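Structural overview for review
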Amino acid sequence: MLNEITFYLTAIWTLVFAIAAMSLRQMVHCALSAAAAFAGLALIYLELNAPFVGFAQLLVYVGAIAILIVFAVLLTRGDEVGPNRSQASPSWLAGLAVALLVLGAIALPILSSPSLQKVAPPVATAPVKRIGEELMTRYVLPLETVGVLLTAAMIGAVVIALREESEKPAGQGTSLLSFNGGRTQRPATPETAAHPETEEAVTLP
Amino acid sequence: MINRADQVFVLLQHWLAGFAPAVVQPLVLMLFIIVGLMTVFGNCFALTTIMERKILGRMQNRLGPNRVGPFGLLQPMADGLKMIIKEDIVPDSADKVLHFLAPLALTVPVWLAFSVLPFGRNMSALQLDAGILFFFAIGSSSELAVFMAGWSSQNKYSLVGAMRAVAQMISYEVPLVLATIPILMAASSLSLPDIVQAQSGYVLGCIPHWFVFTPWGLAGFALFMIAATAESNRCPFDLPEGESELIAGFLTEYSGFKYALFFLGEYLGLFAVTGLAVTLFLGGWHAPASWLEWIPSWCWFAVKFGALIFLFIWVRATLPRLRMDQLMNFAWKFLVPLALVNLFVALAWWLSGAWHSPAGLGLRWLLGAGLLAVPYVWLGRGLRHGESGLRQYSYAE
């Protein structure tokens, strides 16, 4: 009973914020709503007896991904939807049709699949220790592969950022820390020009 | 008798819950913990503000607050009253909803972090398998709150301050977490009571088996404390709210009780991370010597906790503020590599675990210290290399 109430509360929370993330006009509001929806998902994981996944969801999505989205939004300012413009794209009817088609194509096989008839196995509890042991023994190769992939992606991101820094006149890429309210950009200060690595450190994680 | 004094809070909790009907007893037990935590750490906040001002005054050769009550001890009450009756000003251009939500989003999750800390024997609110993961997951949500505060104020100082704060908190979270990893490996558990349990007993009969008394533990403790100072935005890492350059950064547009809430949230974050440092490195609630074990466990936690808070205040009184580029360089070019090296030191310590004799122990210490000293000097030189030469400042070109 109590479990059902908490489930519906978290489900409603997650859905409301997910819808808000898609429909609000201000980009920063969308990003923050997405973070709230991520937190709601983490709560659902916790209710499903998966504390490790729940905490990881909170740590990675709310702590890192949401911040990344916020930084991206701030670095690409000016794309906000004005009050007069409709939020929907002119071809929304076609989009809706495609979406319904995809939904049908996915839902039909799922509903007719025999796996739905099977009785659900009893809820397994996954102690964190067990997850750690499995990750370090049976799934160590996938884990390491993912690690190498992420490192490569990170180095790639740094390299891309470096190249932009040397092509552009120094100091142009510093809009993040020198927000000056729409006035003309000041020429680069020696402070930022001499230490371009400060900027990378900001965007690195 | 000794045992009863040790468990006084647990016994009190169960005795009080005994009056409630059986159906709601779990809720009453929880409520007791929540009320207890909020009372203790709320008062701790008040006490720390006055002690901090007193100690700062003492260290800077002045008196500090001494007007309200005996020795100025009622100053926090006066401050609180002032904060409540101040006018709450919201800027015209501010994003009203986010401006209202930001202090709450900062303060509410911080309370959750206290729920996993073991304050004494059998005294942690939640026994989570992955307690430390929960702690860091909760802690990571404060960055969004700071961003909300800075952005919703629609003030460039606020936004700059918030961006600095977010960049700083993300950067210093990496060494903070990396410094705890050797502890988790040594205790082979993510649960905080288990980590405290792993630090019981004594080495050579007299030295407590705390993790801080190992080369990697000592280095990890130093890294952890530095990163914790930065994580809680305290001097010398307080440049997100540098009063003299950013007029309090993301707090610029806050006044009255919302400002007080931010203040509360920051101090509570400091308390939580200090409690974690006590738990991870200083043996939690364990006594420092076997003949002192008759003193209740929560007393030892309180003593260690107070000592670390004093250390934070001392550092604040001693060191000047860093510059933004120094701050970032220090995190990414010094703390993170050193924390990674520390993992290998822990590995060497673990591999040489069979050397039990005093000479063997000395050799292990030498090995660990050597493994740490070389990268320390080398990385320190690298850090200074970028700093050589005069810096030229340009104001108002």
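Note that this is a predicted model, so its numbers are computed, not measured.

Concerning the overall build of chain B
- Along chain B, the regular secondary structure elements total 15 helices and 2 strands.
- Over its C-alpha atoms chain B spans a radius of gyration of 23 Å, differing by no more than 12% from the 21 Å that the globule rule assigns to 397 residues.
- With the C-alpha coordinates of chain B rotated into their principal frame, the extents come out at 70 × 70 × 40 Å.
- For chain B, with 397 residues in total, the buried portion stands at 42%.
- A sequence separation of at least 24 residues applies to 75% of the contacts in chain B between residues at least 6 apart.

Here's the deal with the overall build of chain A
- The secondary structure content of chain A amounts to 8 helices and 0 strands.
- Each helix (α) and strand (β) of chain A, taken in turn from the N terminus, gives the series α-α-α-α-α-α-α-α.
- Counting only contacts in chain A whose residues sit at least 6 apart along the sequence, the fraction spanning at least 24 positions is 56%.

Description of the packing of helix H12 (residues 256-281) of chain B against helix H13 (residues 297-318) of chain B
Residues and elements named next belong to chain B.
- Orientation of H12 relative to H13, taken along the N-to-C sense of each, is 120°, at an axis distance of 9 Å. The orientation of H12 with respect to H13, classified from their angle, is oblique. Read as a crossing pair, H12 and H13 show a hand that is right-handed. Here H12 contributes Leu270, Thr274, Gly275, Ala277 and Val278 to the contact with H13, which in turn contributes Phe301, Lys304, Phe305, Leu308, Ile309 and Phe312.

Some thoughts on the environment of Asn3(B)
- By secondary structure assignment, the location of Asn3(B) is in helix H1 (residues 2-6).
- Residue Asn3(B) is classed as exposed on the basis of its C-beta count, with 10 C-beta atoms lying within 10 Å.

Side note on the confidence of the model for chain A
Residues and elements named next belong to chain A.
- With 70% of its residues at a pLDDT of 70 or more, chain A has an overall mean of 76.
- Element-level mean pLDDT values for chain A span from 43 in helix H8 (residues 197-203) up to 91 in helix H4 (residues 92-112).
- A low-confidence stretch, residues 170-205 stays under pLDDT 50, and its non-local contacts, those more than four residues away or across chains, total 49 contacts.

Focus on unusual backbone geometry
Residues and elements named next belong to chain A.
- A positive phi is found at Asn49, a non-glycine position, where the angle reads about 65°.
- Among the structural elements, Asn49 can be located in the loop between helix H2 (27-47) and helix H3 (51-75).
- Under the C-beta neighbour-count criterion, Asn49 is labelled exposed, with 12 such atoms within 10 Å.

Describing the packing of helix H8 (residues 156-187) of chain B against helix H10 (residues 215-231) of chain B
Residue and element names in this part refer to chain B.
- Where H8 contacts H10, the axes come no closer than 8 Å and their chain directions differ by 155°. One finds that H8 runs roughly antiparallel with respect to H10. In this structure, the crossing between H8 and H10 has a hand that is left-handed. On H10, the residues touching Gln168, Met169, Tyr172, Glu173, Pro175, Leu176, Ala179, Thr180, Pro182 and Ile183 of H8 are Trp216, Gly220, Leu223, Phe224, Ala227, Ala228, Ala230 and Glu231.

As for H10(B)
Residues and elements named next belong to chain B.
- The end-to-end C-alpha separation of H10 is 24 Å, in line with the 24 Å expected for 17 residues at 1.5 Å each.
- H10 sits mainly inside the fold: 15 of its 17 residues count as buried.
- Backbone geometry just after H10 places Asn233 at a positive phi near 55°.

A short note on the environment of His286(B)
All names here are of chain B.
- Looking at the secondary structure, you find His286 in the loop between H12 and H13.
- You can call His286 buried: it has 23 C-beta atoms within 10 Å.
- Residues His286 and Phe147, 139 residues apart in the sequence, show an inter-C-alpha distance of 39 Å.

Cut-offs used in this document
Residues numbered from 1 in each chain as written. Chains lettered and ligands numbered in written order. Predicted model: local features only at pLDDT ≥ 70, side-chain atom pairs only at ≥ 80, totals over all residues. Helix = DSSP H or I, 4+ residues; strand = E, 2+ residues; numbered from the N terminus. Rg over C-alpha atoms; globule rule 2.2 N^0.38 Å. Buried ≥ 20, exposed ≤ 12 C-beta atoms within 10 Å, placed from the backbone. Contact = placed C-beta atoms within 7 Å. Axes fitted to C-alpha atoms, helices over the stretch in contact; angles between N-to-C directions. Parallel < 35°, antiparallel > 145°, perpendicular 65-115°, else oblique. Left-handed = near helix turned anticlockwise from the far one by under 90°. pLDDT = per-residue confidence, 0-100. Expected span 1.5 Å × (residues − 1).

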